[in-house]
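Per-entry structural report
Spelled out, the chains give:
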Amino acid sequence: MAAPKKGRRPSGGQGRPGRALALILIAMVALTGGMFWSGHTTPRLGIDLAGGTTITLKAEAEPGKEDAVNETNMNTAIGIIERRVNGLGVQEAEVQKQGTDNIIVNIPKGTDEEQARQQVGTTAQLYFRPVVAVAASEPAAPEPSPSTGPSGSPSPSASPSGKGGTDEGDKATAPGSSPSPSATTQGRALTDALKKAPSPSGSPSGAPSPSGSTLPAPAVSPSADPATDAGLQAKFAALNCADPKQRSSVGKAAKPTEPTVACGRNGLGQWEKFLLGPSEVDGKEVDDAKGVLDSQRGIWIVQLEFNGKGAKEFAEITGRLASQPEPQNRFAIALDGEVVSAPSVDAAIPGGRAEISGSFNQESAQDLGNILSYGALPLSFEEQSVTTVTAALGGEQLRAGLIAGAIGLALVIIYLVAYYRGLSLIAILSLGASAVLTYTIMSLLGPAIGFALNLPAVCGAIVAIGITADSFIVYFERIRDEIREGRTLRPAVERAWPRARRTILVSDFVSFLAAAVLFIVTVGKVQGFAFTLGLTTLLDVVVVFLFTKPLMTILARGKFFGGQHPWSGLDPKRLGAQPPLRRTTRRAPAPIEPKEA
Amino acid sequence: MSRLGNLGARLYRGEVGYDFVAKRKFWYAVSILITITAIAGLAVRGLNMGIEFKGGAVYTTPQTTVSASTAEEIAEETAGHDAIVQELGTGGLRIQVSGLDTKQANALKDEIAAGIDVPAKEITAELVGPSWGEQIANKAWTGLGVFMILVVVYLAFAFEWRMALAALIALIHDLTITVGVYALVGFEVTPGTVIGLLTILGYSLYDTVVVFDGLKEGSKDITKQTRYTYSEMANRSLNGTLVRSINTTVVALLPVAGLLFIGGGFLGAGMLNDISLSLFVGLAAGAYSSIFIATPLVADLKERDPQMIALRKRVLAKRAAAAAKGETPDGEALAEVPEGAAAAGVVGPRGRRGRPTEKR
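Not measured: the values here are computed from a predicted model. (Residues numbered from 1 in each chain as written. Chains lettered and ligands numbered in written order. Predicted model: local features only at pLDDT ≥ 70, side-chain atom pairs only at ≥ 80, totals over all residues. Heavy atoms only, no water.)

Right, let's talk about the overall build of chain A for a bit. Looking only at helices and strands, chain A features 16 helices and 15 strands. Residue burial in chain A is summarised as follows: out of 597 residues, 54% are buried. Across chain A, the fraction of contacts at a sequence separation of at least 24, relative to all contacts at a separation of at least 6, is 77%. Accessible surface computed for chain A: about 23600 Å², of which carbon and sulfur atoms make up 59%. (Helix = DSSP H or I, 4+ residues; strand = E, 2+ residues; numbered from the N terminus. Buried < 20%, exposed > 50% of the residue type's maximum accessible area, 1.4 Å probe, protein only. Contact = heavy atoms within 4.5 Å. Areas by Shrake-Rupley, 256 points an atom, 1.4 Å probe, with all protein chains shown as cover.)

Take a look at the structure:
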């Protein structure tokens, strides 16, 4: 795709048409083989053809914080949204950034669309809530809650790791020891400890953390009294966090000013349920948070920094919590109603700088850091468009597109046959080669770059039939012009090529430019269209150079075309060729092209 | 068909020809008239913007026995807004309600599902916030601007600035016509339309490039002869590539027509239809403009070039001389003269610039 070349240098494929043909045939076989080998024999379908929901969100900066919509923030937001959507148990949900401030969420069919929208569209709600009670929430066979101690009395020393291995991760920071860097690699650590940063020499977190169930302690609860609220108690008792449905609905609608129940995972990835007090610190007050490696202790920690208001609130809450017995000395970091971490507090933490340590690995520390800082982001999202397509309609649209394509193709072929007679055979074979290349590449691009064939992309492919056929027409007309000037076929084929080639390159370049610009500046559906158009334009060049031209050269040696049979589309009489003697051309005779015998 | 092939041959040799370039004033007038109509249509009727630009919801239901008018009542009652309901080829309905935000829209979907007695899950919904369209439109304008600049630069580089300018004017002309048709007929403008419109950019230029390529070649040694002025040469080139232009346009239109009629026939309105409609209109406009507008414009611009003015003088002088000798200054007759003779028998003032630099 360069500027048209001025010189008439012999074309690449001209001398060895067989080689070019072999090359493209090998490419086609390889692509087809690769397609079957990879098991992706059909292009991946977009939501509008396969069914599903697409949500387009636009980031909106709050007044005065316009520069908040930047790449880092967007990427963090994508991470969070991905987590939320996949938390619904969605398979293959896709969250992508588009343009500078759009996020596209593709949710395949079979997902609760409304729930997904709720999850996706809202800003992260991050609150720091005091923990009133914690209990395990085991799947299938609910762990027999050893109610150690009558309800009502705090039971700090509830069954300490009495049940063997399963409780390893919950084993608490023993008094005097520094927070256990127990090497759990998954999930989030709930038995983290919260400290003032830079960490003071390990003032221990008081009590061993309970495993099994710890019944709510009616201790001096700060505000309201979640512990004595019968309704909330019942809710807490009934909550089963092992059930994904309950999990995703619980706590979502909780008002920050009211106590609530919530689910969260402990260091072993087991679900626990929480009874939480009203929010004490809003996530918005977090200025910065990140997971860092504490080089002294060799463990991963999460550093937190609050703004002025947050620092004050945080000092207050930590001061109060520190004096409480377990588990009331913990507070939960609740993101969208889910407890992502519930560290215990050793001492009041003034100054707005704190760190959470515990059983973090690199990933979980950075994860929590992201979550915490996301709560502080001034990014909110507005739903721009929500498209839900049922699988039935998607299939119908795909069918309509394919039928339209087939009819378009048939019309083009009929026209070519009627007008170009035998020559149309070459055109049809070339269109076939183009189709094979387009299809296999599209199929392979699905797994490779996440290309999904959507309706506009189908349109692009259909429109491309015309573009591809245009190139053949340019070449064929050139050949016929040469024949009209009285040349025999073989010189005509060779002389026509450099000129046709230039026209094809220039016009394909313009098409490609249009597709590229369209792809770069647009959003959403338009991109699929532009992508297909660009791809097919490139393939058109490949096919014309490596397939059509060599095929033409080879067939020109044959009897049917070479003899310029009346049905070949190259019959000099029909074309009204002038006998060479009366040639009226104004052109200088071109240097004789090297003839391949 | 063979007759067309013959015509192609005669066009190619310049035996027959349509005087596009000489009659350019007429075609300019036609185009200006069309453009004024388009602009007037746009000003008076405006564009019928789809819900993607206004915000609202489109629901597509599966096959239902409820009539369109009943569905319209249900939708309007529930939404408190005007609803447009169309029946689709599939037996389903397409219900369009504007002026909703995405939250209200969901409730409406349930109501409609209950009203026409289909499960809510089987209703396809497209909910669009009001600022979405603005964003799309802005991107489209950006794309348009970027593309035009790039393509003008490229064409100026590949051909020459006059052709680039003429191509750009032809392009704007195509876009105006397409938009005008949309305004006058009242077709709905959707993102699909915008896609189509942007595609026309590339496509309309495809035709123009094919013609210009022929023109560039035809006029390569133009200053070395005295039979034709630039305009005449441009017209000959245009005629020579006419068959090619017609064929490429027809072949481009055929699949688009397939899309338009099948897309429409099967699905009522939708993305397929929107894209193909604007493509269809734009492609037709593009073919027209590449023949009737772009090339005559190039000729017009070229005729201002001193070299071409000199050429014109020489050509006219030669013709006057020939007429004085009693020969017919007819193009047909001239065409019969073998080239060698014409080149050798150059008469009339020979400008400095016109001197052949290369003898053949």
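Next up on the list: the overall build of chain B. Looking only at helices and strands, chain B has 14 helices and six strands in total. A total of about 15200 Å² of accessible surface is found on chain B, and carbon and sulfur atoms cover 61% of it.

A separate point is the UniProt feature "transmembrane region" (unreviewed entry) in chain B. Residue and element names in this part refer to chain B. Here, the residues flagged by UniProt with the feature "transmembrane region" (unreviewed entry) are residues 26–44, 140–157, 164–187, 193–215, 246–269 and 275–299. Secondary structure over residues 140–157 splits into 100% helix and 0% strand, and the C-alpha atoms at its two ends are 25 Å apart. Annotated as residues 275–299, this span is 100% helix and 0% strand, and its ends, taken at the C-alpha atoms, are 34 Å apart. (UniProt positions renumbered as here; feature names shortened; annotations may be inferred.)

Let us now look at the nonpolar core. Formed by 137 residues in total, the largest nonpolar core has its most connected members in Ile479 and Met552 of chain A together with Phe147, Phe212 and Tyr230 of chain B. In contact with isoleucine 479 of chain A, not counting residues within four places along its chain, are Leu489, Ala492, Val493, Ala496, Met552 and Leu570 of chain A. If you look at the next biggest cluster of nonpolar residues, it comprises 34 residues, including Ala77 of chain A together with Val66, Ala75 and Ile95 of chain B. (Core = buried A, V, L, I, M, F, W, Y, C linked by side-chain atoms within 4.5 Å.)

A few words now on the confidence of the model for chain B. Residue and element names in this part refer to chain B. For chain B, the average pLDDT comes to 76, and 81% of its residues sit at 70 or higher. Least confident of the elements in chain B is helix H14 (residues 339–344), whose mean pLDDT is 38; most confident is helix H2 (residues 24–44), at 89. Predicted as a complex, the structure gets a pTM of 0.67 and an ipTM equal to 0.77. (pLDDT = per-residue confidence, 0-100.)

Residues and elements named next belong to chain B. Interaxial distance between helix H7 (residues 161–185) and helix H8 (residues 191–218) falls to 10 Å at its minimum, and their mutual angle equals 145°. For H7 against H8, the interelement crossing comes out right-handed. Residues Met163, Ala166, Ala167, Leu171, Asp174, Leu175, Thr178, Val179 and Tyr182 of H7 touch H8, and the partners they reach there are Thr193, Leu197, Ile200, Leu201, Ser204, Leu205, Thr208, Phe212, Leu215 and Lys216. (Axes fitted to C-alpha atoms, helices over the stretch in contact; angles between N-to-C directions. Left-handed = near helix turned anticlockwise from the far one by under 90°.)

Residues and elements named next belong to chain A. Within the secondary structure layout, glutamine 324 lies in the loop between helix H8 (308–322) and strand E11 (331–335). Since its relative accessible area comes to 13%, glutamine 324 is described here as buried. Through-space distance from the C-alpha of glutamine 324 to that of aspartate 346 is 9.5 Å; in sequence the pair is 22 residues apart.

Residues and elements named next belong to chain A. Where strand E6 (residues 260–265) meets strand E12 (residues 338–341), two bridges bridge the pair, whose relative direction is parallel. Residue pairing across strands places cysteine 263 opposite glutamate 338, the latter belonging to E12. Direction of pairing for E11 relative to E12: antiparallel, over a ladder of three bridges. Across the sheet, residue isoleucine 333 finds its bridge partner in E12, namely serine 341. (Pairing = 2+ DSSP bridges.)

Turning next to a nonpolar patch on the surface. Taken together, the side chains of Trp161, Leu165 and Ile169 of chain B present a nonpolar region at the surface, about 280 Å² in accessible area. Along the chain, leucine 165 of chain B falls in helix H7. (Patch = residues over 30% accessible without salt bridge, like charges linked within 9 Å, V, L, I, M, F, W, Y side chains within 5 Å. Salt bridge = Lys/Arg side-chain N within 4 Å of Asp/Glu carboxyl O.)

With that settled, the discussion passes to the pattern of salt bridges. Per the counting criterion, the structure on display carries 21 salt bridges over all chains. Between arginine 297 of chain A and aspartate 294 of chain A there is a salt bridge; the shortest N-O distance is 2.7 Å. Note that lysine 309 of chain A is salt-bridged to glutamate 313 of chain A, the shortest N-O span being 3.9 Å. Here glutamate 313 of chain A and lysine 309 of chain A lie together in helix H8, a separation of four residues that amounts to about one turn. What you see here is one network of salt bridges that share partners, running through Arg478, Glu482, Glu485, Arg487, Arg495, Arg499 and Arg502 of chain A together with Asp213 and Glu217 of chain B.

So, on to the side chain of arginine 502 of chain A. Considering the arrangement of structural elements, one finds arginine 502 of chain A in helix H13 (residues 489–521). By relative accessible area, which is 16% here, arginine 502 of chain A ends up buried. At 3.1 Å, the side chain of arginine 502 of chain A forms a polar contact with the side chain of aspartate 213 of chain B. (Polar contact = N/O pair within 3.5 Å; in protein donor to acceptor, adjacent residues only side chain to side chain.)

Turning next to the UniProt feature "transmembrane region" (unreviewed entry) in chain A. UniProt records the feature "transmembrane region" (unreviewed entry) at residues 20–39, 398–418, 425–449, 455–476, 504–523 and 529–547 of chain A, using the numbering of this structure. Across residues 529–547 of chain A, the secondary structure splits into 100% helix and 0% strand, with the terminal C-alpha atoms separated by 25 Å.

All names here are of chain A. Taken as a whole and judged by the stated rule, the model has 18 aromatic pairs over all chains. Centroid distance phenylalanine 519 to phenylalanine 531: 5.9 Å. Interplanar angle 50°. Geometry classified as tilted. Of this pair, phenylalanine 519 sits in helix H13 while phenylalanine 531 sits in helix H14 (residues 525–557); the two residues are twelve residues apart in sequence, bridging distant segments of the chain. Owing to a relative accessible area of 34%, phenylalanine 519 belongs among the partly exposed residues under this scheme. Relative accessible area serves as the criterion here: at 22%, phenylalanine 531 is assigned to the partly exposed category. Sitting over the face of the ring of phenylalanine 236, lysine 273 holds its NZ or CZ atom 5.4 Å from the ring centroid. (Phe/Tyr/Trp six-rings, centres within 6.5 Å; stacked < 30°, edge-to-face > 60°. Lys NZ or Arg CZ within 6 Å of the ring centre and 35° of its normal.)

Residue and element names in this part refer to chain A. Position of threonine 536 relative to the elements: it lies in helix H14. In terms of polar contacts, threonine 536 uses its side chain to reach the backbone carbonyl oxygen of threonine 532, at 2.8 Å. Only 3.0 Å separates the side chain of threonine 536 from the backbone oxygen of leucine 533, close enough to count as a polar contact. Here threonine 536 is in contact with Thr438 and Ala464, once residues within four sequence places are set aside.

Turning to the packing of H8 of chain B against helix H9 (residues 230–240) of chain B, a few remarks are in order. Residue and element names in this part refer to chain B. Across the interface, H8 lies against H9 with an axial gap of 9 Å and an inter-helix angle of 130°. Taken together, the axes of H8 and H9 are oblique relative to one another. Between H8 and H9 lies a crossing whose hand is right-handed. Packed against H8, whose contacting residues are Val211, Gly214, Leu215 and Gly218, the element H9 presents Tyr230, Met233, Ala234, Ser237 and Leu238 at the interface. Its residues assigned to classes, the contact of H8 with H9 comprises six nonpolar, three polar and no charged. (Parallel < 35°, antiparallel > 145°, perpendicular 65-115°, else oblique. Nonpolar A, V, L, I, M, F, W, Y, C, P; charged D, E, K, R; others polar.)

What follows deals with the pairing of strand E5 (residues 124–128) of chain B. Residues and elements named next belong to chain B. When you tally the buried positions in E5, you get five out of five residues, the bulk of the element. Bridge count between strand E2 (residues 56–60) and E5: five bridges; the pairing is antiparallel. Paired with valine 58 across the bridge in E5 is glutamate 126.

Take H7 of chain B next. Over its 25 residues, H7 of chain B extends 36 Å from the first C-alpha to the last, a length consistent with the 36 Å expected when each residue adds 1.5 Å. At the C-terminal side of H7 of chain B, glycine 186 of chain B shows a positive phi close to 85°. (Expected span 1.5 Å × (residues − 1).)

All names here are of chain A. Predicted confidence across chain A gives a mean pLDDT of 72, with 68% of residues reaching 70 or more. Within chain A, helix H1 (residues 12–15) has the poorest average pLDDT of any element, 49, and helix H11 (residues 423–449) the best, 89. Below pLDDT 50 for its whole length, residues 1–14 participates in 31 contacts with residues either more than four positions away or in separate chains. In the model, residues 140–190 has pLDDT below 50 throughout and makes 92 contacts with residues more than four positions away in sequence or in other chains.

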